[in-house]
Amino acid sequence: FDNVQDLFYSRKNFKRPELQRTPHRSFQEEAEILNQFFPGKGGRAYCLGSFNGDDCWYLYYFSAASIKRKLMARQNLPSNRSIKSKNENDQTLEVLMTGVDPKKMVNFYKENCPSASEATKVSGIGNLIPGMTIDDFLFDPCGYSMNGVSKTVPGGYMTIHVTPEPEFSYVSFETNIHHKNYKDLIKRVVKLFGPKQFVVTFFSSEGKPFIEFEEDQTERSYYDDYYVEDLQVCRLPGYDLTYALFNRFPS
Ligand SMILES: C[S@@+](CC[C@H](N)C(=O)[O-])C[C@H]1O[C@@H](n2cnc3c(N)ncnc32)[C@H](O)[C@@H]1O
């Protein structure tokens with residue numbers, strides 16, 4: 001690729017960054033490397049959530065359109081908003097879950113499950129989004145990854161990665177398939193894995209509606225057992241981004 005329109009690199013903060021190889025010990029270092037690939041100041045690094053707490057989420061975003069907008073503004077050409085991303089109906093949802101329910105993790109150990117396709121079936125992953133062609137893999141002795149492409153939505157995908165070890169359990173879910181009711185999808189994903197905590201990120205192309213989460217921390221929310229701890233909504237060139245951190249109510 002020598003003509004990149006948009007690039008997104010994102011990840012949650014690491015539990016033990018010091019165990020990573022350089023440049024992954026700090027997001028600053030990762031961003032510096034990415035900047036070398038994307039000169040011209042189109043690439044920007046962000047941190048959402050609380051960076052002095054336990055949870056935050058990093059994003060590096062390069063947008064060729066933002067460079068064009070600046071050039072046009074400098075030349076006094078009209079309407080910087082007229083240059084939009086090509087992906088006008090683009091949306092991507094991620095749900096990043098930590099402290100997942102050990103009882104729901106048994107399917108992701110080879111000793112309990114004969115095959116990856118069985119893990120996909122019994123865990124409920126196979127029914128999450130209908131009409132997917134799924135490529136799944138069960139690691140030895142444990143761990144699971146799946147990638148699915150939609151049979152009906154061109155370019156539509158979903159992906160799930162499961163780290164079941166209780167000391168550092170983690171499940172990530174991502175899809176770009178449009179849903180009328182994202183809250184329902186998030187609720188179903190969370191129910192499959194029962195995390196103590198989860199982060200939702202949602203990109204939607206500019207001007208399209210984004211998910212609204214209740215900020216009330218005292219009432220039971222739409223997500224029953226969880227309350228919103230952090231909530232941020234950002235406008236990026238071509239995209240609106242919502243970030244929310246949910247914590248389970250103490251039982
Ligand atoms: C599913 S992989 C995915 C990791 C990836 N960083 C993610 O979460 O997107 C992680 C799980 O697979 C297990 N695993 C077993 N063998 C592995 C291997 N060769 N490479 C990566 N993970 C392996 C790990 O112990 C862990 O439970």
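What counts and how
- Residues numbered from 1 in each chain as written.
- Predicted model: local features only at pLDDT ≥ 70, side-chain atom pairs only at ≥ 80, totals over all residues.
- Heavy atoms only, no water.
- Near = heavy atom within 4 Å.
- Polar contact = N/O pair within 3.5 Å; in protein donor to acceptor, adjacent residues only side chain to side chain.
- Areas by Shrake-Rupley, 256 points an atom, 1.4 Å probe, with all protein chains shown as cover.
- Helix = DSSP H or I, 4+ residues; strand = E, 2+ residues; numbered from the N terminus.
- Nonpolar A, V, L, I, M, F, W, Y, C, P; charged D, E, K, R; others polar.
- Salt bridge = Lys/Arg side-chain N within 4 Å of Asp/Glu carboxyl O.
- Buried < 20%, exposed > 50% of the residue type's maximum accessible area, 1.4 Å probe, protein only.
- Contact = heavy atoms within 4.5 Å.
- Core = buried A, V, L, I, M, F, W, Y, C linked by side-chain atoms within 4.5 Å.
- Pairing = 2+ DSSP bridges.
- Axes fitted to C-alpha atoms, helices over the stretch in contact; angles between N-to-C directions.
- Expected span 1.5 Å × (residues − 1).
- Domains from an automatic or database assignment.
- Buried area = accessible area lost by both parts, 1.4 Å probe.

What follows is about the site of the ligand. For the ligand, the full set of nearby residues is F139, C142, G143, Y144, S145, H161, V162, T163, P164, E165 and Y170. Between E165 and the ligand, the recorded distance is 2.6 Å, taken from a side-chain N or O atom to an oxygen atom. Notes on the ligand: free accessible area 580 Å², of which the protein chains cover 54%. At the level of elements, β6 (144-150) and β7 (157-163) are the ones that each hand at least two residues to the shell around the ligand. When its residues are assigned to classes, the shell around the ligand shows 6 nonpolar, 4 polar and 1 charged.

Pairing between side chains becomes possible if they bear opposite charge and their charged atoms approach one another. Applying the stated criterion across every chain yields a total of 6 salt bridges. The closest approach of N and O atoms between R11 and E30, which form a salt bridge, is 2.9 Å. Of this pair, R11 sits in strand β1 (residues 6-12) while E30 sits in helix α1 (residues 27-37), placing them 19 residues apart in sequence. A salt bridge links D55 to K12, with the shortest nitrogen-to-oxygen separation between them at 2.6 Å. Placement of D55 in the loop between β2 (43-49) and β3 (56-63) and of K12 in strand β1 is noted, with a sequence separation of 43 residues between them. Of the two residues, D55 and K12, both sit in the buried class.

The topology assignment puts T133 in strand β5 (residues 132-138). Residue classification places T133 among the partly exposed positions, given a relative accessible area of 43%. Counting along the chain gives 24 residues from T133 to Y157, while the straight-line C-alpha distance between them is 9.2 Å. Residues contacting T133, with those up to four places away along its chain left out, are N147, G148, V149 and K151.

The next point concerns the side chain of N13. Tracing the chain through its elements places N13 in the loop between β1 and α1. A polar contact of 2.7 Å, which involves the side chain of N13, links it to the backbone oxygen of D54. Discounting residues that sit within four places of it in the chain, N13 has contacts with D54, D55, C56 and Y58.

The biggest cluster of nonpolar side chains holds 38 residues, and the ones touching the most others in it are L93, I160, F173, F193 and F198. In this structure, L96, F203, Y239 and Y243 belong to the second largest nonpolar core, which totals 12 residues.

With that out of the way, let us pick up the sheet that holds β3. By way of backbone hydrogen bonds, the strands of a sheet pair with one another, either parallel or antiparallel. Reading across from one edge, β1-β3-β2 is the order of the 3 strands in this open sheet, with antiparallel pairing throughout. Single-partner strands in this sheet number two, and they are β1 and β2. Pairwise comparison of adjacent strand axes, ignoring direction, gives a mean angle of 15 degrees for this sheet. Here α1 sits on the sheet in contact with β1, β2 and β3, set at roughly 10 degrees to β3.

Here the focus is helix α4 (residues 182-193). Between its first and last C-alpha, α4 extends 17 Å over 12 residues, near the 16 Å set by a 1.5 Å rise per residue. Of all the positions in α4, only Y182, K183, L185, I186, V189, V190, L192 and F193 are classed as buried. Tucked inside the fold, the buried residues of α4 contact β4 (91-98), α3 (116-123), β7, β8 (170-175), β9 (197-205) and β10 (226-236). Its side-chain oxygen at 3.2 Å from the backbone nitrogen of K183, N181 defines the N-terminal cap of α4.

Once that is clear, we can look at the domain arrangement of the protein chain. The assigned domain composition of the protein chain is domain 1 (1-83) and domain 2 (87-251). Between domain 1 and domain 2, the residue contacts involve 18 residues of the former and 23 residues of the latter. Counting each side, the surface lost to burial between domain 1 and domain 2 is near 1,600 Å², with a carbon and sulfur contribution of 64%. Ranking the residues of domain 1 by area buried against domain 2 places K12, L48 and W57 at the top, with a combined share of 34%. For the interface between domain 1 and domain 2, the tally reads 0 salt bridges. Counting across the interface, domain 1 meets domain 2 through 4 residue pairs in polar contact (both at pLDDT 80 or more). Broken down by secondary-structure element, the contributors of at least two residues to the side of domain 1 that touches domain 2 are β1, β2, β3 and α2 (64-74). Ranked by residues supplied to the side of domain 1 that touches domain 2, first place goes to β3 with 5 residues.

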